[in-house]
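Per-entry structural report
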Amino acid sequence: NTPFANLAISGLYKQRDKRIAEGIGKELASDYLIWNANLSRSLSKQLSIRLQLNNVFDVDYQNILGATMPSRWLRAGVQWNID
């Protein structure tokens, strides 16, 4: 088996009504766009590795008013298939 690599890029655009909570000084923007990237590589038939970069451009956004979502962050993983 020949090892392979896979790159996936995804985006999320959300549009909604703008909201402001003056008491806590927070604002829920009317829209935002974030990008994520995922790179996986098969090292053998049983072993593969994966890197996922979320919020590639480090966008400051909230899904719930007052709860800021994480900035750019990286996840890594290893998958081992037992036959």
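Refer to the structure presented above.
Calculation criteria
- Residues numbered from 1 in each chain as written.
- Predicted model: local features only at pLDDT ≥ 70, side-chain atom pairs only at ≥ 80, totals over all residues.
- Heavy atoms only, no water.
- Helix = DSSP H or I, 4+ residues; strand = E, 2+ residues; numbered from the N terminus.
- Rg over C-alpha atoms; globule rule 2.2 N^0.38 Å.
- Buried < 20%, exposed > 50% of the residue type's maximum accessible area, 1.4 Å probe, protein only.
- Contact = heavy atoms within 4.5 Å.
- Lys, Arg positive; Asp, Glu negative; His and termini not counted.
- Charge placed at Lys NZ, Arg CZ, Asp CG, Glu CD.
- Pairing = 2+ DSSP bridges.
- Axes fitted to C-alpha atoms, helices over the stretch in contact; angles between N-to-C directions.
- Salt bridge = Lys/Arg side-chain N within 4 Å of Asp/Glu carboxyl O.
- Patch = residues over 30% accessible without salt bridge, like charges linked within 9 Å, V, L, I, M, F, W, Y side chains within 5 Å.
- Areas by Shrake-Rupley, 256 points an atom, 1.4 Å probe, with all protein chains shown as cover.

The next point concerns the overall build of the chain. Along the chain, the regular secondary structure elements total zero helices and eight strands. For 83 residues, the compact-globule formula gives about 12 Å, and the C-alpha radius of gyration of the chain, at 18 Å, lies well above that figure. Overall size of the chain, expressed as C-alpha extent along the three principal axes, is 60 × 20 × 20 Å. Residues counted as buried form 18% of the 83 residues belonging to the chain. Taking the intrachain contacts of the chain between residues at least 6 apart in sequence as the baseline, contacts between residues at least 24 apart amount to 45%. Across the chain, the 10 positively charged side chains and the 7 negatively charged ones have centroids separated by 10 Å.

Take the sheet that holds strand 5 (residues 47–54) next. One open sheet accounts for four strands, arranged 1-4-5-8; its pairing is antiparallel. The open sheet has two free edges, formed respectively by strand 1 (5–15) and strand 8 (73–80), since each of these has just one partner strand. On average, each strand axis in the sheet is inclined to that of its neighbour by 15 degrees, with strand direction left out of account. Here strand 4 (residues 31–42) runs beside strand 5; their pairing, made up of six bridges, is antiparallel. Within the sheet, the bridge partner assigned to Ala37 lies in strand 5 and is Leu53.

Let's shift gears to the environment of Ile82. Summarising the element assignment, Ile82 is placed in the segment after strand 8. The exposure class of Ile82 is exposed, given its relative accessible area of 71%.

All right, on to the pairing of strand 5 then. The turn linking strand 4 back onto strand 5 is made up of four residues. Here strand 5 pairs with strand 8 via eight bridges, running antiparallel. Across the sheet, the residue bridging to Gln52 is Arg75, located in strand 8.

The next point concerns the pattern of salt bridges. For the coordinates displayed, the defined rule picks out one salt bridge. Close ionic contact of Glu27 with Lys18 constitutes a salt bridge, the shortest N to O distance being 3.5 Å. Look at Glu27 and you get partly exposed, because its relative accessible area is 40%. Judged by relative accessible area, which is 48%, Lys18 ranks as partly exposed.

Turning our eyes to something else, we now look at a nonpolar patch on the surface. A cluster of nonpolar residues, Leu7, Ile9, Tyr13, Leu33, Trp35, Leu39, Leu51, Phe57 and Leu74, forms a patch on the protein surface that exposes about 950 Å² of accessible area. At the level of secondary structure, the elements contributing two or more residues to the nonpolar patch comprise strand 1 and strand 4. Mapped onto the secondary structure, Leu39 falls in strand 4. Residue classification places Leu39 among the partly exposed positions, given a relative accessible area of 41%.

From the geometry alone we can't say anything about function, so treat these as descriptive.
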